[in-house]
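# Remarks on the overall topology
The chain contents come next:
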Amino acid sequence: MTDPLFSSARAGSALPETNPPAPRAADVVADPASAVPASSTQPAATALETLVATVARLRAPGGCPWDADQTHASLVRHLVEETHELIEAIEDGSRDDLLEELGDVLYQVLFHADLAAHTPEENFNIQDVAARLTEKMIGRHPHVFGDLTLETAEEVSAAWDGFKAEEKPGRTSVLDGIPAGMPALALADKVLGRAEKIGLLEADAGFPLPIASEADLGPLLLAIVASARAQGLDAERALRTAVRDLQSEIRGAEHPAADAGDAFDAGIIALPT
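Here's what I pulled together on the structure shown here.

Thresholds applied
Residues numbered from 1 in each chain as written. Predicted model: local features only at pLDDT ≥ 70, side-chain atom pairs only at ≥ 80, totals over all residues. Heavy atoms only, no water. Axes fitted to C-alpha atoms, helices over the stretch in contact; angles between N-to-C directions. Helix = DSSP H or I, 4+ residues; strand = E, 2+ residues; numbered from the N terminus. Parallel < 35°, antiparallel > 145°, perpendicular 65-115°, else oblique. Left-handed = near helix turned anticlockwise from the far one by under 90°. Contact = heavy atoms within 4.5 Å. Nonpolar A, V, L, I, M, F, W, Y, C, P; charged D, E, K, R; others polar. Buried < 20%, exposed > 50% of the residue type's maximum accessible area, 1.4 Å probe, protein only. Phe/Tyr/Trp six-rings, centres within 6.5 Å; stacked < 30°, edge-to-face > 60°. Salt bridge = Lys/Arg side-chain N within 4 Å of Asp/Glu carboxyl O. Patch = residues over 30% accessible without salt bridge, like charges linked within 9 Å, V, L, I, M, F, W, Y side chains within 5 Å. Areas by Shrake-Rupley, 256 points an atom, 1.4 Å probe, with all protein chains shown as cover. Expected span 1.5 Å × (residues − 1). Bend = angle between axes of the 7 residues up to and from the residue. Core = buried A, V, L, I, M, F, W, Y, C linked by side-chain atoms within 4.5 Å.

Taken N-terminus to C-terminus, the directions of helix H2 (residues 47-59) and helix H5 (residues 95-117) make an angle of 55°; their axes are 10 Å apart at the nearest point. Taken together, the axis directions place H2 and H5 in an arrangement best described as oblique. Where H2 crosses over H5, the handedness of that crossing is right-handed. Facing H2, whose interface residues are Leu48, Leu51, Val52, Val55, Ala56, Leu58 and Arg59, H5 presents Leu106, Tyr107, Leu110, Phe111, Asp114 and Leu115. In terms of residue class, the contact of H2 with H5 is built from 11 nonpolar, no polar and 2 charged.

What follows concerns unusual backbone geometry. Even without being a glycine, Asn123 presents a positive backbone phi close to 50°. On the secondary structure map, Asn123 appears in the loop between H5 and helix H6 (126-139). Assessed through its relative accessible area of 42%, Asn123 is described here as partly exposed.

We now examine the packing of helix H4 (residues 76-92) against H5. With their axes 9 Å apart at the nearest point, H4 and H5 run at an angle of 155° to one another. The pairing of H4 with H5 is recorded here as roughly antiparallel in orientation. Both H4 and H5 take part in a crossing whose hand is left-handed. For the pair H4 and H5, the contacting residues are His78, Leu79, Glu82, Thr83, Glu85, Leu86, Ala89 and Ile90 in the first and Asp97, Leu98, Glu101, Leu102, Asp104, Val105 and Gln108 in the second. Grouping the amino acids of the contact of H4 with H5 by side-chain chemistry returns 7 nonpolar, 3 polar and 5 charged.

Right, let's talk about the packing of aromatic side chains for a bit. How two aromatic rings sit relative to each other is set out by the distance from centre to centre and by the angle between their planes. Counting across every chain of the model gives 2 aromatic pairs. Centre to centre, the rings of Tyr107 and Phe111 are 5.9 Å apart; their planes meet at 75°, and the pair counts as edge-to-face. Here Tyr107 and its partner Phe111 are both found in helix H5, 4 residues apart, which amounts to about one turn of the helix. A relative accessible area of 2% means that Phe111 is categorised as buried. Ring geometry for Trp160 versus Phe163: centroids 6.3 Å apart, planes at 75°, classification edge-to-face. One end of the pair is Trp160 and the other is Phe163, both in helix H8 (residues 153-167) and 3 residues apart, which spans about a single turn. Overall, the relative accessible area of 24% leaves Trp160 in the partly exposed class.

The tally for this structure, following the rule as stated, stands at 4 salt bridges. We note a salt bridge from Asp234 to Arg237, for which the minimum N-O separation is 3.7 Å.

Right, let's talk about a nonpolar patch on the surface for a bit. A cluster of nonpolar side chains, namely Leu185, Leu209, Ile211, Leu217, Leu221 and Ile224, defines an oily patch on the protein surface of about 480 Å² accessible area. At 3 residues, helix H10 (residues 214-230) tops the list of elements feeding residues into the nonpolar patch. Checked against the element boundaries, Ile211 lands in the loop between helix H9 (184-197) and H10.

A separate point is H8. Helix length check: H8 (15 residues) gives 20 Å between terminal C-alpha atoms against 21 Å at 1.5 Å per residue, within 8%. Roughly 40° is the biggest bend found in H8, and it falls at Ala159. Turning to H8, its buried residues number three or more, namely Val156, Ala159, Phe163 and Lys164. Residues of H8 that are buried make contact with helix H7 (142-145) and H9.

The next thing to look at is the nonpolar core. If you look at the biggest cluster of nonpolar residues, it comprises 11 residues: Leu175, Ile178, Met182, Leu187, Ala188, Val191, Ala195, Leu201, Val243, Leu246 and Ile250. Once residues lying within four places of it in the same chain are set aside, the contact partners of Ile178 are Leu187, Lys190, Val191 and Arg194. Core analysis: the second largest hydrophobic core is formed by 5 residues, Val52, Leu110, Ala113 and Ile126 among them.

Here you go:
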């Protein structure tokens, strides 16, 4: 069975020699705290190492049948739920709520990594995930790890797309990389931002509505949804349709059609009539 912590030689060799050897799932004992033994020459397992070993134990033969039964696809709804619970803890929770919900999201990441470590065609583990992320973060922060000078958050934001373009040269549109499954409101915000980047919208463009704060915005959005519901309309679907129209307009601006008559207005500049 693939080692749950270090399934590839590359990942294992990158670790300091002082790290204890990772337990194989079959060798992990019932007490997760003793899963990574300490000795006079090896430091005790960290809490994170113990958690990784705990996930491996739950998914190993003789562990939890439910855990062993799961797939990446079957876990998606749990990841979505845990993510929303984390958002709620950030927005309206206590320190303990935040601590717990961060742990639940972390558990999802470790679970998926352990699944991949035991799937031959995937064959990566949490160390590989961490290595890939470290490489990406260093590459996207040349102003920290390289010679580039960016002194303000605004300068970093302006340069960010360039960093990502170097990393993903196959992308041909500012819309590439936006998850289509995002909730419509979050998707609309994201796509509007991309429309601003290519000059299709001014950054301060918007409807002439009396919105000065989120305290003003929330009731207005709720009123729109209430009005839609009263008329049997689906506000989520309506917004998603409008966003798709805006995406078509963005792609049209990126690749103008030979026939100017093909251009179209998604209704984002002024209130629909």
